[in-house]
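Examination of the molecular architecture
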Amino acid sequence: TSYNSFNTRATVLGNRRYEYNTYNFQINPGLRGSFGDSSWQWDASVNYGKVKQKSINYGFLDYAGFNAAVGPSFLDTDGTVKCGSAGAVIAGCTPIDVFNLNSESNKAALEALVVNPIVTSVYTVKQFEANANGNLFDLPAGTVSLAAGVSYRKESTSTAADPLWTGDENGMCGVIEFCATVLGGSFSVKEAYAEALFPLLADLPLVHSLNLTVGSRFSDYDTVGSKTNSKVSLEYRPIENLLLRGTVSQVFRAPNINELYAGVAGDSPSVNDPCNGYTGGHAAACANVPTDGSYQQADNQVGAKASGAVVAGYQLKPETGKSYDFGVVYDPGWLDGLSMSADLWKINLQDTITQVSAQTVLNQCYANASSAFCALIHRNDNGTINYIAEPTVNLGKLWASGADFSLNYRLPDTAWGSFNASLNGTYVIRYDINPDTTDASTVTIHNAGKYTYAYGNFPRWRGLGTLSWNLGDWSASWRIRYIGSTEIGSADTRQGLSADADQAAVVRGIGSYVYHNVQVGYNVKPWHTRLELGVDNLADKQPPLYYANNVTNANTDVATYDLLGRYYWARATVKF
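Overview of the structure. (Residues numbered from 1 in each chain as written. Predicted model: local features only at pLDDT ≥ 70, side-chain atom pairs only at ≥ 80, totals over all residues. Heavy atoms only, no water.)

**Points about the overall build of the chain**
The line we're drawing: The way it works is that DSSP assigns letters per residue, a run of H or I at least four long becomes a helix, a run of E at least two long becomes a strand, and they are numbered from the N terminus. Each residue's exposure class comes from its accessible area (1.4 Å probe, protein chains only) as a fraction of the maximum for that residue type: buried when under 20%, exposed when over 50%, partly exposed otherwise. Residue contacts are defined here by distance: any two heavy atoms, one from each residue, within 4.5 Å place the two residues in contact. With residues, only the protein chains shown are counted as cover, and all accessible areas are computed by Shrake-Rupley using a 1.4 Å probe. Asp and Glu count as negative and Lys and Arg as positive, but His and the ends of the chain are not part of the count. All charge positions are set by atom: Lys at NZ, Arg at CZ, Asp at CG, Glu at CD.
Across its full length, the chain holds 4 helices and 31 strands. Seen through its principal axes, the chain has C-alpha atoms that stretch 105 × 65 × 50 Å. Classification of the 576 residues of the chain by burial places 37% in the buried group. Taking contacts inside the chain between residues at least 6 apart in sequence as the whole, the part at least 24 apart equals 66%. On the chain, roughly 30900 Å² of surface is accessible, and the fraction owed to carbon and sulfur atoms is 55%. Distance between charge centres in the chain, computed from 40 positive and 51 negative side chains, equals 4 Å.

**Let's talk about the pattern of salt bridges**
Filter applied, for reference: Salt bridges are counted wherever a side-chain nitrogen of Lys or Arg sits within 4 Å of a carboxyl oxygen of Asp or Glu.
All told, the structure shown has 18 salt bridges when counted by the stated rule. Here Arg-17 ties to Glu-19 by a salt bridge, and the two come within 4.0 Å at their closest N and O atoms. For Arg-17, a relative accessible area of 45% puts it in the partly exposed group. Residue Glu-19 is classed as partly exposed on the basis of its relative accessible area, which comes to 28%. Where salt bridges share partners, they join Asp-76, Asp-78 and Lys-82 into one cluster.

**Regarding helix H2 (residues 104–111)**
For the record, the criterion: The directions from the helix axis to the C-beta atoms form the arc being described.
Residues of H2 that are buried: Asn-106, Ala-109 and Leu-110. What you see down the axis of H2 is that its buried residues fit within an arc of 100 degrees, all on one side. The exposed set on the far side of H2, more than 90 degrees from its buried face, consists of Glu-104 and Ala-108. Of the surrounding elements, those touching the buried residues of H2 are strand E4 (60–61), helix H1 (63–69) and strand E8 (114–115).

**Topic: the sheet that holds strand E7 (residues 88–89)**
Where we set the bar: DSSP calls a pair of strands paired once it identifies at least 2 bridges connecting them.
Ordered by their spatial adjacency, 3 strands build an open sheet running E5-E6-E7, and the pairing between neighbours is antiparallel. Where the open sheet ends on each side, the last strands, each with one partner, are strand E5 (73–75) and E7. Sheet analysis places strand E6 (residues 81–85) next to E7, joined by 2 bridges and oriented antiparallel. Its bridge partner being in E7, Ser-85 is matched across the sheet by Ala-88.

**Here's the deal with helix H4 (residues 358–367)**
Most of H4 sits out of view: 8 of its 10 residues are buried. Within H4, burial applies to Ala-358, Gln-359, Thr-360, Val-361, Leu-362, Asn-363, Gln-364 and Cys-365. Buried positions along H4 lie against strand E19 (377–379) and strand E20 (385–410).

**Focus: the nonpolar core**
We apply this condition: Within this scheme, the nonpolar core is defined by two criteria: the residues are buried Ala, Val, Leu, Ile, Met, Phe, Trp, Tyr or Cys, and they are joined through side-chain atoms within 4.5 Å.
Membership of the largest hydrophobic core comes to 22 residues, with the highest contact counts inside it found for Val-356, Val-361 and Ile-388. Elements that contribute at least two residues to this core include exactly H4 and E20. Examining the composition of this core, we find that 5 residues originate from one element, E20, more than from any other. With sequence-adjacent residues up to four places away left out, Val-361 is seen in contact with Val-356, Phe-373, Leu-376, Ile-377, Ile-388 and Ala-389. Within the second largest apolar cluster, 13 residues are counted, among which are Phe-66, Cys-83, Leu-101 and Ala-109.

**Let's talk about the environment of Gly-281**
Here Gly-281 shows up in the loop between strand E15 (265–267) and strand E16 (304–307). Of the residues examined, Gly-281 reaches a relative accessible area of 73% and is grouped as exposed. Residues Gly-281 and Thr-291 lie 10 residues apart in sequence; the distance between their C-alpha atoms is 9.1 Å.

**Describing unusual backbone geometry**
In this structure, Asn-288 takes a positive phi of about 70 degrees despite not being glycine. Along the chain, the position of Asn-288 falls in the loop between E15 and E16.

**Structural notes on the packing of aromatic side chains**
Condition: Note on ring pairs: Phe, Tyr and Trp rings are taken, using the six-membered ring of Trp, and paired if centres are within 6.5 Å. Classes follow the plane angle, with under 30 degrees stacked, over 60 edge-to-face and the rest tilted.
What the rule picks out here adds up to 12 aromatic pairs. Aromatic pair Phe-405 and Trp-461: ring centres 6.3 Å apart, planes at 70 degrees, arrangement edge-to-face. Here Phe-405 is found in strand E20, whereas its partner Trp-461 is found in strand E25 (residues 461–471), with 56 residues between them in sequence. Taking the centre distance of 5.0 Å and the plane angle of 65 degrees together, the rings of Tyr-451 and Tyr-546 count as edge-to-face.

**What about the state of the cysteines?**
Convention followed: Cysteine sulfur atoms are paired as a disulfide whenever they come within 2.5 Å of each other.
What the rule picks out here adds up to 3 disulfides. In this model Cys-83 forms its disulfide with Cys-93; the gap between the sulfur atoms is 2.2 Å. Negative torsions about the S-S bond denote left-handed disulfides, and the value of about -70 degrees found for Cys-83 with Cys-93 makes this one left-handed. Placement of the pair is Cys-83 in strand E6 and Cys-93 in the loop between E7 and H2, with a sequence separation of 10 residues. You'll find Cys-83 and Cys-93 in the same group, each marked buried. A disulfide bridge connects Cys-365 with Cys-374, and the sulfur atoms are separated by 2.1 Å.

**Things to note about a nonpolar patch on the surface**
Worth spelling out the cut-off: Each patch is built from salt-bridge-free residues with over 30% relative accessible area, joining like charges within 9 Å and nonpolar side chains (Val, Leu, Ile, Met, Phe, Trp, Tyr) within 5 Å.
A cluster of nonpolar side chains, contributed by Phe-405, Leu-407, Leu-423, Trp-461, Tyr-482 and Val-514, occupies part of the molecular surface with about 480 Å² of accessible area. Along the chain, Leu-407 turns up in strand E20. Residue Leu-407 is classed as partly exposed on the basis of its relative accessible area, which comes to 37%.

**Re the side chain of Arg-379**
Spelled out, the test is: Counting of polar contacts relies on pairs of N or O atoms within 3.5 Å, with two restrictions inside protein: one atom must be capable of donating a hydrogen and the other of accepting it, and residues adjacent in sequence are counted only when both atoms are side-chain atoms.
If you trace the backbone, Arg-379 turns up in strand E19. Look at Arg-379 and you get buried, because its relative accessible area is 12%. A polar side-chain atom of Arg-379 sits 2.8 Å from the main-chain carbonyl oxygen of Ala-285.

**So, the pairing of strand E21 (residues 418–434)**
Note that E20 and E21 share 14 bridges and pair antiparallel. Residue pairing in the sheet places Ser-401 in a bridge with Arg-430 of E21. Sheet topology note: the E21/E25 ladder contains 10 bridges and is antiparallel. Paired with Asn-420 across the two strands is Ser-468, which belongs to E25. Bridge count between E21 and strand E22 (residues 445–446): 2 bridges; the pairing is antiparallel. Pairing of Asp-432 across the sheet is with His-446, part of E22.

Structure, rendered in structure tokens:
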């Protein structure tokens, strides 16, 4: 009841280990044809897919047995130390010295408590769709064409787990540290769409062509209701080799099955508790924390309970918004084989669907005592964090904008083969997220050019360059991947971001990274086979090291950087 903490790791048992057996089945038969001699074509198909995964989780401890083994013990009259107390011996229990778990004398007792829980999850999808496309009528500038279709899709999921692995509503279960909630659910959606192309002008001075595309899709989900979304696109060629284009679209994304039906699962995120050194004034975020400034979190890794929306009793709404894209494509006639393009894009979303992070919960509640995030913080009587709930919810708004560019050049064919060079890149202008726009005091997080624990890595620049070669059945390529420099933390204290768990507003720069991948291939035509050999991360580039409080169970951004080092691979593809 004093909440004093003692932490140790039973390394004598070795590492935890996870084994996954995955079964996939999919069948997708269909028919296609045409309507007589007309331009109209049709297709229809059904799709059935099933994924079943069995995970065996090795190296966990039976919590109840371990609790008894390190609990009260006594020296019995027969000269042995036993679990429990005189007259109330716990049968089948061997006392364990909690202060020396790694000794050989404790090894056998610990091994007897090891359990290997099994979790089995099943996902299925059933889908039908039918489409048709063809010409409607002629205009002076060309023929109006239409594409339309309907579809029905049902997705379902279920999870079964060993009793020791099954968590309660708080994610607590019979094995130490991690567990999962048994849960299942499904949703279905009916959709219909139509898209038409209208040639407006053609073969006029400064108007080689002008085309308008309009489209609309109606979606009816049994979980979030119905919604119609449309788009308008305009393509203008003042001359044959120059294309100007623009698209405005409504954005709609319904919650997927995992966002809805993921059960409560244990998590151990790294956070910087804003209540460190607390002296008062933020009672909602710092409940039970002493006000004498003495509080300091003992470990930046805290307990958390992640979950989908349903198990948390939260009714998810779809993401909605608009996207804008304006660009230019130029294929110069004076240099055959060269093509260039550039696009400016902007995306505005509201009610974004995301799993709220523990750090976001702490920061937002600390900034505003009436924030809805405050209910997700669970502290012990002495102020230490018991756990933080991390449900999947609709969070505020997202504003993103940037520029994409591409450059492709196919060199003239030579006796040595044909060569093609390409360069594609993206520049992020803005990537801002406001977790709760209903609260005027909520701080907008600026992610462009930064890595943040809650949202990921957003370097300003990313690029991909490729040089490829073909000669008969031989081919080879050299691919260069560029990841621009980023920062961890923010000097703006209102952002609540810091590279250091113990100090606020610490900023650390992470330099740019370049990866080189090479491969060579050969077509064995008589065998309908293609053989390929390759080396990824040719220079054996190692990922950057992040401070420990910025990632969970890692020391770098595993979603962005190469973790394996130099990697050799071979592949054979046979068609029959």
